[in-house]
Amino acid sequence: MVKEKKAKTRKKVSYAKWGYIFLIPFFATYFIFSLIPLINTFYNSLFENYRSGLTQIGPNFVGFQNYISIFQSDLLKYFGNTLILWFIGFVPQIIISLILAVWFADFRMKLRGSAFFKTIIYMPNVIMAASFAMLIFALFSDNGPMNNLLMKAGVSDQPIRFMSTVWGTRGLIGLMNFMMWFGNTTILLMAAIMGVDASLFEAASIDGAKSLQIFTKVTMPIIRPIFIYVLITSMIGGLQMFDVPQVLTNAQGTPDRTSMTLIMFLNNHLYSKNYGMAGALSVILFLITAVLSMFVFVMLTSSGNKKGGRY
């Protein structure tokens, strides 16, 4: 009996190690392509390193002087531009995505052709942002199809210069971000809603709750983690906005740099080969993203822990 027990004990295999083995590629990739470049960026941000004509200046250690120079520039203006551009595109995106997700996930509505519509709304997400920006530029240019249509309809007597006004340019950038990403957001929210137990909706209906009450009291509290994920990832993507305003404004952030984003500002330093200033700006952008993400996460999770009322 003792020998049989020992034999059975020896045959037991611990599968926990395989989990750690499968995690090795992720951590190796993160260490090589994320952590080391991040440390190297912070290191380079402490040096004066740029070109003046054909002359290479540095690298000379200057401490935090690059950070001081960044904050003395128009950093806050570009940060404000970035948040405004993200906000313009995200607000209609999250509203329409929630509406579509509820419609598609509601089995009682029995929408026909839902698979077709899901494909259609997701298609703009697979188009390259630069190509999309060129398309919008052609449509809304002074002599573009949109102006011709408005003039023929009698809405305007002369071409509207969309990209010569602050809110015209910002509106087009927000429109592009909305059209490119609302399909992806809809799919994520719809998957979250479909994961909710249908008996909860039935119980709420039996209790006399209306559709809006079911949405606010049942659906939203349950899908809150996915909603927070969508909000934080969208905000991170908004802070990294580059290709759409870069192409639409020809890298100038026109008019009067009101469409210049933080990454466009960073790209200017990389283009001029001022690696010290670019490194400092990269570290600042990383800290801004981390602080805002933690703030949004803590704010939404703490509000979600409060007890809700009845229907």
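Residues numbered from 1 in each chain as written. Predicted model: local features only at pLDDT ≥ 70, side-chain atom pairs only at ≥ 80, totals over all residues. Heavy atoms only, no water.

Q: Go over the overall build of the protein chain with me, naming the residues and quoting the values.
A: On a plain count of helices and strands, the protein chain comes out with 14 helices and two strands. Computed over the C-alpha atoms, the radius of gyration of the protein chain is 26 Å, more than 25% above the 19 Å expected from 2.2 N^0.38 for a compact globule of 311 residues. For the protein chain, the C-alpha atoms occupy an extent of roughly 85 × 65 × 35 Å along the three principal directions. Across the 311 residues that make up the protein chain, the buried fraction comes to 35%. Within the protein chain, the 11 negative side-chain charges are centred at a point lying 16 Å from the centre of the 25 positive side-chain charges. (Helix = DSSP H or I, 4+ residues; strand = E, 2+ residues; numbered from the N terminus. Rg over C-alpha atoms; globule rule 2.2 N^0.38 Å. Buried < 20%, exposed > 50% of the residue type's maximum accessible area, 1.4 Å probe, protein only. Lys, Arg positive; Asp, Glu negative; His and termini not counted. Charge placed at Lys NZ, Arg CZ, Asp CG, Glu CD.)

Q: How would you summarise the packing of helix 8 (residues 166–194) against helix 11 (residues 224–239) if you had to cite specific residues and measurements?
A: Orientation of helix 8 relative to helix 11, taken along the N-to-C sense of each, is 165°, at an axis distance of 9 Å. With respect to helix 11, the element helix 8 is oriented roughly antiparallel. Viewed along their axes, helix 8 and helix 11 form a crossing whose handedness is right-handed. For the pair helix 8 and helix 11, the contacting residues are Thr-185, Leu-188, Leu-189 and Ala-192 in the first and Ile-226, Tyr-229 and Val-230 in the second. In the contact of helix 8 with helix 11, the residues fall into six nonpolar, one polar and no charged. (Axes fitted to C-alpha atoms, helices over the stretch in contact; angles between N-to-C directions. Parallel < 35°, antiparallel > 145°, perpendicular 65-115°, else oblique. Left-handed = near helix turned anticlockwise from the far one by under 90°. Contact = heavy atoms within 4.5 Å. Nonpolar A, V, L, I, M, F, W, Y, C, P; charged D, E, K, R; others polar.)

Q: Break down the pairing of strand 1 (residues 47–52) for me, citing the residues and quoting the values.
A: In this sheet, strand 2 (residues 55–61) lies alongside strand 1 in antiparallel orientation, the contact comprising five bridges. Paired with Arg-51 across the two strands is Gln-56, which belongs to strand 2. The antiparallel pairing of strand 1 with strand 2 creates a hairpin that spans two residues between the two strands, and Gly-53 there sits at a positive phi of about 70°. (Pairing = 2+ DSSP bridges.)

Q: Pulling in residues and values, what's your account of the nonpolar core?
A: Ranked by internal contacts, the top residues of the largest apolar core, which has 47 residues, are Ile-94, Leu-172 and Met-176. Of the residues forming this core, the biggest block, ten residues, is contributed by helix 8. Other than its neighbours up to four places away in sequence, Met-176 contacts Phe-132, Ala-133, Ile-136, Val-244 and Leu-248. The next biggest cluster of nonpolar side chains, apart from the first, holds 19 residues, and it includes Phe-47, Met-264, Leu-266 and Ala-280. (Core = buried A, V, L, I, M, F, W, Y, C linked by side-chain atoms within 4.5 Å.)

Q: How would you summarise a nonpolar patch on the surface if you had to cite specific residues and measurements?
A: Taken together, Phe-116, Phe-117, Ile-120, Tyr-122, Met-123, Val-126 and Ile-127 make up a surface patch of nonpolar side chains, about 670 Å² in accessible area. Note on placement: Ile-127 falls in the loop between helix 5 (114–122) and helix 6 (129–139). Residue Ile-127 is classed as partly exposed on the basis of its relative accessible area of 38%. (Patch = residues over 30% accessible without salt bridge, like charges linked within 9 Å, V, L, I, M, F, W, Y side chains within 5 Å. Areas by Shrake-Rupley, 256 points an atom, 1.4 Å probe, with all protein chains shown as cover. Salt bridge = Lys/Arg side-chain N within 4 Å of Asp/Glu carboxyl O.)

Q: So what about the pattern of salt bridges? Which residues, and what values?
A: Inspection of the entire model under this criterion finds two salt bridges. Of the charged contacts, one joins Asp-74 and Arg-257 as a salt bridge, the two residues approaching to 2.9 Å between their closest N and O atoms. Of this pair, Asp-74 sits in the loop between helix 3 (65–72) and helix 4 (75–105) while Arg-257 sits in the loop between helix 12 (243–248) and helix 13 (262–271), and the two are 183 residues apart along the sequence. Its relative accessible area of 30% is what places Asp-74 among the partly exposed residues. For Arg-257, a relative accessible area of 33% gives the class partly exposed. Note that Arg-161 is salt-bridged to Asp-142, the shortest N-O span being 3.5 Å. One end of the pair, Arg-161, is in the loop between helix 7 (145–152) and helix 8; the other, Asp-142, is in the loop between helix 6 and helix 7, and 19 residues separate them in sequence.

Q: Give a detailed account of unusual backbone geometry, specifying residues and quantitative values.
A: For the bond from Gly-58 to Pro-59, the omega torsion is 5°, close enough to zero to count as cis. Within the secondary structure layout, Pro-59 lies in strand 2. Residue Thr-254 is joined to Pro-255 through a cis peptide bond whose omega torsion reads -5°. Along the chain, Pro-255 falls in the loop between helix 12 and helix 13. Of note, Ala-251 is a non-glycine position whose phi angle comes to about 65°, a positive value.

Q: Summarise helix 3; cite the residues concerned and give the values.
A: Here helix 3 has its buried residues at Asn-66, Tyr-67 and Ile-70. Axial view of helix 3: buried residues confined to an arc of 100°, hence all on one face. (Arc of directions from axis to C-beta.)

Q: Can you lay out the side chain of His-269 for me, pointing to particular residues and giving the numbers?
A: Looking at where His-269 falls in the secondary structure, it is placed in helix 13. Residues in contact with His-269, not counting those within four places in the same chain, are Ile-70, Asn-274, Met-277, Ala-278 and Leu-281.

Q: Pulling in residues and values, what's your account of the packing of aromatic side chains?
A: Inspection of every chain in the model, using the stated rule, returns ten aromatic pairs. Ring geometry for Phe-26 versus Tyr-30: centroids 6.4 Å apart, planes at 20°, classification stacked. Separated by four residues within a single helix, Phe-26 and Tyr-30 lie in helix 2 (residues 16–44), roughly one turn from each other. By relative accessible area, which is 42% here, Tyr-30 ends up partly exposed. Pairing Tyr-43 with Phe-47 gives two aromatic rings, centres 4.9 Å apart and planes at 50°, and the pair type is tilted. The partly exposed category is assigned to Tyr-43, whose relative accessible area is 48%. The class for Phe-47 is buried, based on a relative accessible area of 15%. Over the ring of Trp-167 we find Arg-170; its NZ or CZ atom is 4.8 Å from the centre of that ring. (Phe/Tyr/Trp six-rings, centres within 6.5 Å; stacked < 30°, edge-to-face > 60°. Lys NZ or Arg CZ within 6 Å of the ring centre and 35° of its normal.)

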